[in-house]
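Per-entry structural report
So the chains spell out like this:
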Amino acid sequence: MRNRDDDPPIITLSAGPVDAYPAVLRALSRPVTYDFDPSFQHFYESTVLKTAEALRTARPPVILMGEPVLGLEAAAAALIHADDVVLNLASGEYGKGFGFWAARHCRELVEIEVAYDDAIDPQSVGDMLKARPEIRVLSVCHHDTPSGTVNPVAEIGAICRAHDVLTIVDAVSSFGGMDVHPEQIHADIFVTGPNKCLGGSTGLSILHVSERAWDRIDANPAAPTDSVLSLVDWRDAWRRDVLFPYTPSVSEVHALEAAVQNYLDEGPESVWARHALTARACRAGVRAMGLDLWPAREAICADTATTVRVPAGLEDAAIRQEARRRYGVVFSAGRGTLLGKLVRIGHMGPTARPIYAVVAVTALGGAVAALGGKADVAAGVEAALAVIDGAGT
Ligand SMILES: *Cc1c(COP(=O)(O)O)cnc(C)c1O
């Protein structure tokens, strides 16, 4: 039995967007309400306040009507002043990519770049801020998804706070799956979205903006207004008695509410725990099969995706194709400069269940072996199960 390319996948283990929770799919099927109907305005306010609760802050986040790349670009445009020096931390494709947006708005972009299987050393950030005291804004990606590595954003945030530097943090593929919250890490703008660890749909950006960041945005004559890129336009839209600047994506807002409610009802600590356990089982299985993890050290591996080096002599596209055709299991490809070097197993939201680690190891190992590579699938499955069983339920 083979899965044809035009058959739908059987199990999607992508690193985002992810298969949404059933409650999210049901929410997407609700009638599209007129946005200025009082029932929707109430619903919008309560959705934003619920999202603030999930973010563990009293400040209502800004919701922008496009997937989180919009939020990241909007954050750069609003916060960065034309005469700013910005420090961008690049330990992967997303971190590096943010620098291209930042560079459009600032006087000078300074970067600390490390190999894309490594993470930023907070000490290097402290040293740079001492050497270049004119740096005003720092940008960093928490989980650089194409690498499967995480940066120590809490330490970096504390250093920035001590130097009075504002931070923009991309937490798109970690918030909701790991213990990371804007105020805990001193983030001034914290960008996330519903379509990764929250198991939501793909159309919104969620931005926490600190009071200091609002002050700086208000003082920035170049901060966009009357624009889809504008944080300012949407700042007060969460209030039921304030009119929307433009039409919100009604169905996406329904889906966001379902995703956030799901997360709060299950209990954030439980949600993070199943992400972490799935990741540990995945890593143990990959190693026991004789394959190599992409990150340089286990300590910097994300809980929300596991990245595996493509074995010598094989091609990543062939491995992913074989896993899909043979077993109906979908993995993510590498991205940018990492395309072809690794295969990514996502365990975010609904697929952050330990048994999917067994599925991932089996399908990945099975595909590698079928292509003539070396993978001890039985040893991999055994190691993954040992982690799951050892941890109890
Ligand atoms: C998914 C993701 C985004 C959103 O961007 P897309 O590439 O359009 O999905 C931004 N940052 C990170 C770290 C992500 O994982």
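For the structure itself, look to the data block above.
For every chain, the first residue of the written sequence is number 1, and numbering continues from 1 onward in sequence order. The predicted origin of the model limits local features to residues at a pLDDT of at least 70 and limits the giving and counting of side-chain atom pairs to 80 or more, whereas totals for whole chains, interfaces and linings rest on all residues. As a rule here, side-chain values cover all heavy atoms of the structure and leave hydrogens and water aside.

Points about helix H2 (residues 38-55)
Counting along an α-helix, one turn takes 3.6 residues, and residues three or four places apart therefore face a common direction. Test applied: Numbering of helices and strands runs from the N terminus, with a helix taken as a DSSP run of H or I at least four residues long and a strand as a DSSP run of E at least two residues long. The span expected for a helix works out to 1.5 Å for each residue beyond the first. Residue burial is assigned from relative accessible area. The probe radius is 1.4 Å, only protein chains are included, and a residue is buried under 20% of its type maximum, exposed over 50%, and partly exposed in between. Only heavy atoms enter the contact rule, under which two residues are in contact if any of them lie within 4.5 Å.
Between its terminal C-alpha atoms H2 stretches 26 Å, which fits the 26 Å expected from 18 residues at 1.5 Å a residue. Buried residues of H2: Phe-40, Gln-41, Phe-43, Tyr-44, Glu-45, Thr-47, Val-48, Lys-50, Thr-51, Ala-52, Ala-54 and Leu-55, and no others. Those residues of H2 that are buried lie in contact with strand E2 (62-64), strand E9 (189-192), strand E10 (205-209) and helix H8 (250-266). Directly after H2, the chain includes Arg-56, whose backbone phi takes a positive value near 60°.

Observations regarding the sheet that holds strand E14 (residues 342-346)
Using the following cut-off: One bridge is not enough; two strands pair if DSSP finds at least two bridges between them. Lines fitted to the C-alpha atoms define the axes, with helices restricted to the stretch that makes contact. Angles between their N-to-C directions range from 0 to 180 degrees.
The sheet built from three strands is open, its strands ordered E11-E14-E13 with antiparallel pairing. The open sheet has two edge strands, strand E11 (305-309) and strand E13 (332-333), and neither has a second partner. As paired strands, E13 and E14 are joined by two bridges and run antiparallel to one another. Each bridged residue has a counterpart across the sheet, and for Ala-333 the counterpart in E14 is Val-343. Running over the sheet, helix H9 (residues 268-289) touches E11 and E14 and is turned about 15° from E11.

A word on the site of the ligand
Our working rule: Consider each residue's heavy atoms; a residue with any of them within 4 Å of a molecule or strand counts as near. Polar contacts, as used here, are pairs of N or O atoms within 3.5 Å; protein pairs need one atom able to donate a hydrogen and one able to accept it. Residues neighboring in sequence count only if both atoms are side-chain atoms. Where accessible areas are quoted, they stem from the Shrake-Rupley method and a 1.4 Å probe; at the residue level, only the protein chains shown are allowed to cover. The distinction between a cavity and a pocket rests on a 1 Å grid over the protein atoms alone: a 1.4 Å probe fits inside a cavity but cannot get out, while a pocket stays open yet meets protein on both sides within 12 Å along at least five of seven lines, and a residue with an atom within 4 Å of a point counts as lining. A molecule is counted as occupying a cavity or pocket when more than half of its atoms fall within 2 Å of that pocket's grid points.
Every residue close to the ligand is listed here: Glu-67, Val-69, Leu-72, Tyr-94, Cys-141, His-143, Thr-145, Asp-170, Val-172, Ser-173, Lys-196 and Arg-335. Contact between the ligand and Ser-173: an oxygen atom at 3.5 Å from a side-chain N or O atom of the residue. Between an oxygen atom of the ligand and a side-chain N or O atom of Arg-335, the distance comes to 3.3 Å. For the ligand, the protein covers 90% of the area, taking 370 Å² as the surface of the free molecule. More than half of the atoms belonging to the ligand lie within 2 Å of the grid points that define the largest pocket.

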